[in-house]
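Summary of the model geometry
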Amino acid sequence: MTPVYSLFSRRRIALGLLVMFIVGGCDDDPTGLAATGPVATALGDPIITRQGDIRVQFAGAVDPASALDPANFVVINSCSGLRVPGALRLEGNVLIFTPSTILPYLTPLSIRVQNVQTVQGVGMNQPFTFVRTTEAPLVTDVSWSTLDSPTGNSIAGVDFVTRDLGYVVSLSAELYRTENGGSIFEAVFKDPNVTGAKGVRAASRDTVYFIGAPNFGGTTFTTSGLFRSTNAGLTFDTLLTRSPADLRTLSRERVGDTDILFMGGNVSGALAGVRYDAKTGERTDFRATGIGTVIGNAGDISPDTANAILVGLIPQAPGVAGIIYESRNSGRSFTRVTANLPTPLRQLQGVGFIDNTTALLVGDSSTVIRYDLNAGTFTSITAGVPQTFNDPLTQTVETFTFRKADFSPTDRQIGWVIGQSLRRVPGVPDVRRGVILMTRDGGLTFTRQAVEGAGELGLGFPSLATPSDISALATDFVAAGGLNGFLAARTDDTQAAAGVCSFDTP
């Protein structure tokens, strides 16, 4: 007789095996592991162009219908909170979203990818989210503001004695004075027999200098002269004249109890420099001779007045070459600089002393050159300097010419360069715009600056080519003027940078 306990045990074992078999037969995954949905990874740089692709790569093949469903790829403009419209395409296992419109600069985009399935129909375990940001504009330092210009004529000279007191002279030699930092300018001088002003420098409220072309009652303006007022610009005396002449730049440095004035330009059809001591009345002239036609464009004298430089061009030279003359005796005599010159040396339009023995030479074709007078060495500067742009597709060519450089008297490492960009497209009128560059390391590197409220994201202000001027009072105060009455100032040394979500429109 078989024991009851033994029969019961065998039955329980058989039943248990049957249950295990049934449960095992119901498992869809013979490995015992749960099915895994698509795994996504963001591709590319976190910064994209304003209509750049946003790419997501999956670890394996995905179902095209779910991947290309617009509801499964959501891009949100984080500035506006609105969804960004666009088109989706699938290349292999890479899903690509392209915005259908050009987005604003510096716009963060929140991306959410969801519900994409494998080809077996298994969905994502969870949504995949990440962020992309559109590119910054060409210029993010919008630290210049326009002043209330007193004229629509070209501004040929600007100088501030203090942050409140300043003088402006137009190309037609109209002199204006402000005593509230440029909020209001008062017309203080205009002589119909003087025109062609190219610069103004003020030593105080009372003492003001400018250069211009007097005709002394005649009908032509072939004479160029230096004028001084000692009653805050109400009247001017003629300190010197040269004829025929075209003096183009005016520099003033204070040494002891006297002003040293230095002018660069042309006398009798050749590059020339004229020095004037306001205390003694000493006048010293230099004129380039013996090498054919030499056109003078500008000159400057060092802060201690020990050195001076004249720059210009030789039009008959191949490619129209730049030319440099230097003085080691305060502008009383000059010698041509010929050693170690950059090749090619383009036309030179302006010069500004960085310190007593280093100068910045500027000119055509994006030319910016540091010249160490003591070492006799030249360094071509390109860092931060916009270069010629040529687009063969649209035949657009944009070139840059720099006109003048000036450095802060309170920190000679900080300075500015002004000039113009020229954009040419066949069949379209030329477009000329002003350019302002700033350096904080003595002209080794530059940052392009914009003007608040100007078009083209702060770059669409009038040209700062000839005639134009820039004058720095301190690191936190500099003013510039140019064509069409353009007048602007930078009155704070804090960079007013464009920030995220600061651009409402493309």
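Each value, and the rule that gives it
- Residues numbered from 1 in each chain as written.
- Predicted model: local features only at pLDDT ≥ 70, side-chain atom pairs only at ≥ 80, totals over all residues.
- Heavy atoms only, no water.
- Core = buried A, V, L, I, M, F, W, Y, C linked by side-chain atoms within 4.5 Å.
- Buried < 20%, exposed > 50% of the residue type's maximum accessible area, 1.4 Å probe, protein only.
- Helix = DSSP H or I, 4+ residues; strand = E, 2+ residues; numbered from the N terminus.
- Contact = heavy atoms within 4.5 Å.
- Salt bridge = Lys/Arg side-chain N within 4 Å of Asp/Glu carboxyl O.
- Disulfide = S-S within 2.5 Å.
- 1 Å grid on protein atoms, 1.4 Å probe; cavity = no way out; pocket = protein on both sides within 12 Å on 5 of 7 lines; lining within 4 Å.
- Points joined across faces, edges and corners; volume = space filled by probe spheres on them.
- Phe/Tyr/Trp six-rings, centres within 6.5 Å; stacked < 30°, edge-to-face > 60°.

A word on the nonpolar core. Of all hydrophobic cores here, the largest spans 19 residues; its most connected members are I54, F58, F73, V75, L109, I111 and V113. For this core, the secondary-structure elements that each account for two or more residues are strand 3 (54-58), strand 4 (73-77), strand 6 (94-99) and strand 7 (108-113). Filtering out sequence-adjacent residues up to four positions away, V75 remains in contact with I54, L82, R83, V84, F97, L109, S110 and I111. By size, the runner-up hydrophobic cluster in this structure holds 16 residues, among which are L175, V188, V208 and F236.

The full count for this structure, using the stated rule, is 24 salt bridges. Among the salt bridges present, the one from R89 reaches D53, with a minimum N-O distance of 3.4 Å. Here R89 is found in strand 5 (residues 86-91), whereas its partner D53 is found in the loop between strand 2 (47-48) and strand 3, with 36 residues between them in sequence. A relative accessible area of 33% places R89 in the partly exposed class. Residue R328 pairs with E326 through a salt bridge whose shortest N-O separation is 3.8 Å.

Another aspect to go through is the state of the cysteines. Summed over all chains, the structure comprises one disulfide. There is a disulfide in this structure between C79 and C501, and the S-S distance comes to 1.9 Å. On the S-S bond that ties C79 to C501, the torsion sits near -85 degrees, and the link is left-handed. Placement of the pair is C79 in the loop between strand 4 and strand 5 and C501 in the segment after strand 37 (487-490), with a sequence separation of 422 residues.

Here we come to the layout of surface pockets. Within this model, the largest pocket holds a volume of roughly 520 Å³. As for the largest pocket, its lining consists of 31 residues, and the residues nearest its centre are R201, R252, E253, D406 and A472. Elements with a contribution of two residues or more to the lining of the largest pocket: strand 10 (155-160), strand 14 (194-202), strand 18 (245-255), strand 22 (295-301), strand 26 (348-353), strand 31 (396-408) and strand 35 (469-474). In this structure, the second largest pocket occupies an estimated 240 Å³ of space. Taken together, Y105, P137, L138, V139, E398, S421, R423, R433, R448, E456, L457 and L459 make up the full set of residues lining the second largest pocket.

What follows concerns the packing of aromatic side chains. Tallied over the full model, the rule gives 12 aromatic pairs. A ring pair is formed by Y371 and F378, whose centres lie 4.3 Å apart and whose planes are at 5 degrees; its orientation type is stacked. Using a relative accessible area of 2% as the deciding quantity, one classes Y371 as buried. By the ring-pair criterion, three or more aromatic residues cluster together here, those being F189, F210, F227 and F236.

Cis geometry is found at the peptide bond from S243 to P244, where omega equals -10 degrees. Its location among the elements puts P244 in the loop between strand 17 (237-242) and strand 18. Cis peptide bonds are those with omega within 30 degrees of zero, and the linkage from T466 to P467 qualifies with -5 degrees. For P467, the location among the structural elements is in the loop between helix 3 (455-458) and strand 35. The phi dihedral of S365 is positive, around 55 degrees, even though this residue is not glycine. Tracing the backbone through its elements, the reader meets S365 in the loop between strand 27 (358-363) and strand 28 (368-372). Residue S365 is classed as partly exposed on the basis of its relative accessible area, which comes to 39%.

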